[in-house]
Each structure stands twice: as structure tokens, then as C-alpha cells.
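# Reading the structure
Listed below are the residues making up each chain.
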Amino acid sequence: MVADQPLDVPTLAAAVGHPGAEVSAALASLAAEYDEQERGFELRNVAGGWRFYTREAFAGVVERFVLEGQQARLTQAALETLAVVAYKQPVSRARVSAIRGVNVDGVMRTLLSRGLVEEAGQDPETGANLYRTTGYFLERIGVTSLDDLPELAPYLPDMDDLEDELSAMSAPAPEPTPAPTPDGEPEPLPQPAPPTGPGTEPDGGTEPA
């Protein structure tokens with residue numbers, strides 16, 4: 001109850017002076033007893049250790065008391081960035097940005113400040129800082145290790161669908177067909193006006209003189 005993080009069996013065994021097997025059995029027995037009695041709290045094995053939690057049935061009451069109606073949630077961008085780190089770790093900010101297609105510097109600072117992500121050395125080739133998820137991340141999502149994360153394969157598109165989408169994106173746009181004039185001759189297509197003004201760029205933007 002006084003620890004600020006889950007405690008593993010060896011740590012608890014050293015604290016109480018009993019063999020690890022006895023401590024492990026006692027923890028399992030306590031967890032089962034609390035569940036049977038439907039206590040307001042429960043004992044869970046998460047992130048490689050044991051910790052007390054509010055029982056889910058009473059979480060709403062405790063949440064309102066602690067947060068007093070104010071709850072800071074992660075944004076969708078933060079959740080997506082956290083997912084990329086979780087599945088690709090250790091990974092650099094540049095790699096996460098490339099996967100998401102946006103700059104993630106601000107979001108990564110938020111994840112670092114909340115203790116969900118931490119630095120994990122440097123890339124030997126580029127020297128960029130690498131990042132990984134923390135034990136607190138495992139604790140928050142209720143799993144004991146990264147091996148418990150769900151597989152991504154069921155959520156990925158089929159290769160046939162992906163190839164169809166890529167083919168559609170790479171197909172050239174059809175040329176416009178000139179509309180016929182009353183005399184039967186095709187009407188010439190309108191031509192874009194030539195660029196004018198100083199500093200005209202190929203993309204149509206202009207710079208001040």
C-alpha cells in the first residue's frame with residue numbers, strides 16, 4: 001500500500017523474510033480472497049509486480065473524488081504516437097514522425113512528461129535518441145509485458161486491397177475530351193493564362209517585387 005509502483009515477488013520476499021514461493025502463493029491467495037469477498041479494492045499482477053487497485057465496479061466513485069470533475073486525457077495524436085512507440089520500440093522521433101506523417105516532437109514531450117515513454121539510448125548509425133515504453137505504460141494498460149500486446153495482423157488491410165488502392169493512386173488521370181461545337185468541330189480546350197508578374201514560380205506562387 002505504501003509503494004508507488006508494482007512490487008515483484010523477490011522484493012516482497014526480501015521485505016517479509018520468507019521464501020519467494022511462499023510469498024507468491026500468499027499473493028495469489030489474497031487476490032482470490034479479495035475477489036471472493038468483493039472488496040472495494042483488488043490485488044493485481046501487472047508490469048511484472050503486484051499492486052492494489054480500486055475494483056472496477058467502484059472506480060467511478062473514486063475517480064470523481066480524486067479528480068473532482070477534471071480529467072486530462074491523452075489526445076488521439078498522443079495515443080497514435082504511443083502505439084507506434086509500443087510496437088516499433090526502440091524507435092527514434094524521426095521514425096515515428098515518418099510513420100505518422102506528422103511532426104511528433106510536442107506529443108513525445110507529453111508522453112515523456114507523463115512517464116509513458118522513456119529514452120532508450122541512441123541509434124548507432126544516426127546518433128538519434130531512441131525511445132521505448134515504460135513499466136508505467138504496462139501498468140496503465142493492464143498487461144505484464146509487451147508480449148501481451150494484441151497482434152497487429154488482424155487490423156492490417158489485405159494485400160489485394162492494398163495493391164488495388166496503390167494501383168488506383170498511381171493510375172494517370174484521363175485526358176479531358178473536347179466538347180463538339182454546333183458545326184461538328186471539336187471545341188478547343190481552354191489554355192491556362194501565361195504567368196505574369198515578377199518572381200512567378202512554376203507552381204503559380206508569386207514573390208513580392
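Everything in this summary refers to the structure shown in the same document. The structure displayed is predicted, hence computed values, not measured ones.

## Things to note about the overall build of the protein chain
A tally of helices and strands in the protein chain yields eight helices and five strands. Beginning at the N terminus, the succession of helices and strands in the protein chain can be written as α-α-β-β-α-α-β-α-α-β-β-α-α. Here the protein chain holds 209 residues, and the buried ones make up 20% of them. Expressed as a percentage of contacts within the protein chain between residues at least 6 apart in sequence, the contacts between residues at least 24 apart total 35%. Accessible surface computed for the protein chain: about 15300 Å², of which carbon and sulfur atoms make up 55%.

## Section: the nonpolar core
Of all hydrophobic cores here, the largest spans 18 residues; its most connected members are Leu 82, Val 85, Val 96, Met 108, Leu 111, Val 117 and Phe 137. With five residues, the single largest contributor to this core is helix 4 (residues 76-88). In contact with Leu 111, other than residues within four places in its own chain, are Leu 74, Ala 78, Thr 81, Leu 82, Leu 116 and Val 117.

## Points about the side chain of Thr 134
Residue placement: Thr 134 occurs in the loop between strand 5 (129-133) and helix 7 (135-141). Assessed through its relative accessible area of 10%, Thr 134 is described here as buried. Residues in contact with Thr 134, not counting those within four places in the same chain, are Gly 115, Leu 116, Val 117 and Glu 118.

## Here we look at the layout of surface pockets
Size it by volume and the second largest pocket reaches roughly 240 Å³. If you go around the second largest pocket, the residues you meet are Met 1, Val 2, Ala 3, Gln 5, Leu 7, Leu 12, Leu 27, Leu 30, Leu 43, Trp 50, Arg 51 and Phe 52. Breaking the lining of the second largest pocket down by element, the ones donating at least two residues are helix 2 (20-37) and strand 2 (49-54). With three residues, strand 2 is the single largest residue contributor to the lining of the second largest pocket. Taken together, the residues of the lining of the second largest pocket sort by class into 10 nonpolar, one polar and one charged.

## Quick notes on the pattern of salt bridges
By the definition in use, this model includes seven salt bridges. Between Arg 51 and Glu 139 there is a salt bridge, with its nearest N and O atoms 2.1 Å apart. Of this pair, Arg 51 sits in strand 2 while Glu 139 is found in helix 7, placing the two residues 88 residues apart along the sequence. Of the residues examined, Glu 139 reaches a relative accessible area of 10% and is grouped as buried. Between Asp 105 and Arg 93 there is a salt bridge; the shortest N-O distance is 3.8 Å. Residue Asp 105 is found in helix 6 (residues 105-113), and its partner Arg 93 is found in helix 5 (residues 93-100); the two are separated by 12 residues along the sequence. We classify Asp 105 as partly exposed; its relative accessible area is 29%. If you follow the salt bridges from partner to partner, you end up with Asp 35, Glu 42, Arg 44 and Arg 55 in one network.

## Focus on the packing of aromatic side chains
Tallied over the full model, the rule gives three aromatic pairs. Taking 6.0 Å as the distance between ring centres and 45° as the angle between the ring planes, the aromatic pair formed by Tyr 34 and Phe 52 counts as tilted. Of this pair, Tyr 34 sits in helix 2 while Phe 52 sits in strand 2; the two residues are 18 residues apart in sequence, bridging distant segments of the chain. Centroid distance Phe 41 to Phe 52: 5.5 Å. Interplanar angle 85°. Geometry classified as edge-to-face. Within this pair, whereas Phe 41 is found in strand 1 (residues 41-46), its partner Phe 52 is found in strand 2, the two being separated by 11 residues in sequence. Overall, Phe 52 belongs to the partly exposed group, its relative accessible area being 31%. Across the ring face of Tyr 53, the terminal group of Arg 44 is positioned such that the distance to the ring centre comes to 4.3 Å.

## Quick look at the pairing of strand 5
Note that strand 3 (residues 91-92) and strand 5 share two bridges and pair antiparallel. Residue pairing for strand 5: Ser 92 is matched across the bridge by Leu 130. Looking at chain direction, strand 4 (residues 117-122) and strand 5 are connected through four bridges and run antiparallel. Bridge pairing in strand 5 links Gln 122 to Asn 129. Hairpin connection, strand 4 to strand 5: the antiparallel pair is bridged by six residues, and Gly 127 has positive phi, about 80°.

Calculation notes
- Residues numbered from 1 in each chain as written.
- Predicted model: local features only at pLDDT ≥ 70, side-chain atom pairs only at ≥ 80, totals over all residues.
- Heavy atoms only, no water.
- Helix = DSSP H or I, 4+ residues; strand = E, 2+ residues; numbered from the N terminus.
- Buried < 20%, exposed > 50% of the residue type's maximum accessible area, 1.4 Å probe, protein only.
- Contact = heavy atoms within 4.5 Å.
- Areas by Shrake-Rupley, 256 points an atom, 1.4 Å probe, with all protein chains shown as cover.
- Core = buried A, V, L, I, M, F, W, Y, C linked by side-chain atoms within 4.5 Å.
- 1 Å grid on protein atoms, 1.4 Å probe; cavity = no way out; pocket = protein on both sides within 12 Å on 5 of 7 lines; lining within 4 Å.
- Points joined across faces, edges and corners; volume = space filled by probe spheres on them.
- Nonpolar A, V, L, I, M, F, W, Y, C, P; charged D, E, K, R; others polar.
- Salt bridge = Lys/Arg side-chain N within 4 Å of Asp/Glu carboxyl O.
- Phe/Tyr/Trp six-rings, centres within 6.5 Å; stacked < 30°, edge-to-face > 60°.
- Lys NZ or Arg CZ within 6 Å of the ring centre and 35° of its normal.
- Pairing = 2+ DSSP bridges.

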